[in-house]
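Coordinates in review
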Amino acid sequence: VQLQASGGGLVQAGGSLRLSCTASGRTFSSYAMGWFRQAPGKEREFVAHISWSGGSTYYADSVKGRFTISRDNAKNTVYLQMNSLKPEDTAVYYCAATLGGSIYLTKYDYWGQGTLVTVSS
């Protein structure tokens, strides 16, 4: 599975962005998908997870109620809608694919290249 993330950019605090991650290669719908982020000088952390069917989602406490993960298996794409953005959301955001359900990055088999989100105060 090859993953291509896009949609990052510069936004003011309180604004919104939608990230997309498009997959090619093996059957996208077989994989659960996750979004992770890595801020400068920090470790990569879990943001959100969605099951292969889209019927189950899970969020980090820091983004719960502000971010929404979704997927369109017909388009081989997973999305991360980010609302009410804060400066502390500034990071490189990565999408990843796993055959299992997990919040742990070591359980993910395939990774996209990352897209930078910068939130100004």
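So, here is what we can say about the structure in this document. (Residues numbered from 1 in each chain as written. Predicted model: local features only at pLDDT ≥ 70, side-chain atom pairs only at ≥ 80, totals over all residues. Heavy atoms only, no water.)

1. Section: the overall build of the chain
Across its full length, the chain carries zero helices and eleven strands. The C-alpha radius of gyration computed for the chain amounts to 13 Å, which stays within 12% of the reference 14 Å derived for 121 residues, consistent with globular compactness. A principal-axis box enclosing the C-alpha atoms of the chain has dimensions of 40 × 25 × 25 Å. The burial tally for the chain puts 44% of its 121 residues in the buried class. Taking as baseline every contact in the chain between residues at least 6 positions apart, the subset at least 24 positions apart corresponds to 56%. Carbon together with sulfur atoms contributes 48% to the accessible area of the chain, which is approximately 6,100 Å² in total. (Helix = DSSP H or I, 4+ residues; strand = E, 2+ residues; numbered from the N terminus. Rg over C-alpha atoms; globule rule 2.2 N^0.38 Å. Buried < 20%, exposed > 50% of the residue type's maximum accessible area, 1.4 Å probe, protein only. Contact = heavy atoms within 4.5 Å. Areas by Shrake-Rupley, 256 points an atom, 1.4 Å probe, with all protein chains shown as cover.)

2. Some points on the pattern of salt bridges
All told, the structure shown has four salt bridges when counted by the stated rule. Linking Arg 37 and Asp 89 is a salt bridge whose minimum nitrogen-to-oxygen distance equals 2.9 Å. Taken together, the residues Arg 37 in strand E4 (residues 32-38) and Asp 89 in the loop between strand E8 (77-82) and strand E9 (91-98) connect sequence positions 52 residues apart. For Arg 37, a relative accessible area of 5% puts it in the buried group. According to the relative accessible area criterion, Asp 89 is buried, its value standing at 1%. (Salt bridge = Lys/Arg side-chain N within 4 Å of Asp/Glu carboxyl O.)

3. Observations regarding the nonpolar core
Of all hydrophobic cores here, the largest spans 35 residues; its most connected members are Met 33, Trp 35, Leu 80, Met 82 and Tyr 93. If you tally residues by element for this core, the top one is E9, at five residues. Ignoring sequence-local partners within four residues, the contact set of Leu 80 consists of Leu 17, Arg 18, Leu 19, Trp 35, Val 47, Ala 48, Phe 67, Thr 68, Ile 69 and Tyr 93. (Core = buried A, V, L, I, M, F, W, Y, C linked by side-chain atoms within 4.5 Å.)

4. Structural notes on the pairing of strand E5 (residues 45-50)
Of all six residues that make up E5, five are buried, and the element is covered over most of its length. The pairing of E4 with E5 spans five bridges and is classified as antiparallel. If you follow Trp 35 over to E5, its bridge partner there is Ala 48. Connecting E4 to the next strand, E5, in antiparallel fashion are six residues, including Gly 41 with a positive phi near 75°. Taken together, the three bridges between E5 and strand E6 (residues 57-59) define a ladder with antiparallel strand orientation. (Pairing = 2+ DSSP bridges.)

5. A short note on the environment of Ser 84
Locating Ser 84 in the fold gives a position in the loop between E8 and E9. Judged by relative accessible area, Ser 84 falls into the partly exposed class, the value being 42%. Between the alpha carbons of Ser 84 and Thr 22 there is a distance of 24 Å; along the sequence they are 62 residues apart.

6. A look at the environment of His 49
Here His 49 is to be found in strand E5. Residue classification places His 49 among the buried positions, given a relative accessible area of 9%.

7. Considering the state of the cysteines
Counted under the stated rule, the structure contains one disulfide. Through a disulfide, Cys 21 is tied to Cys 95; the S-S separation comes to 2.1 Å. Handedness of the Cys 21-Cys 95 disulfide follows from its S-S torsion of about 65°: it is right-handed. Of this pair, Cys 21 sits in strand E3 (residues 17-24) while Cys 95 is found in strand E9, placing the two residues 74 residues apart along the sequence. Grouping residues by exposure puts Cys 21 and Cys 95 together as buried. (Disulfide = S-S within 2.5 Å.)

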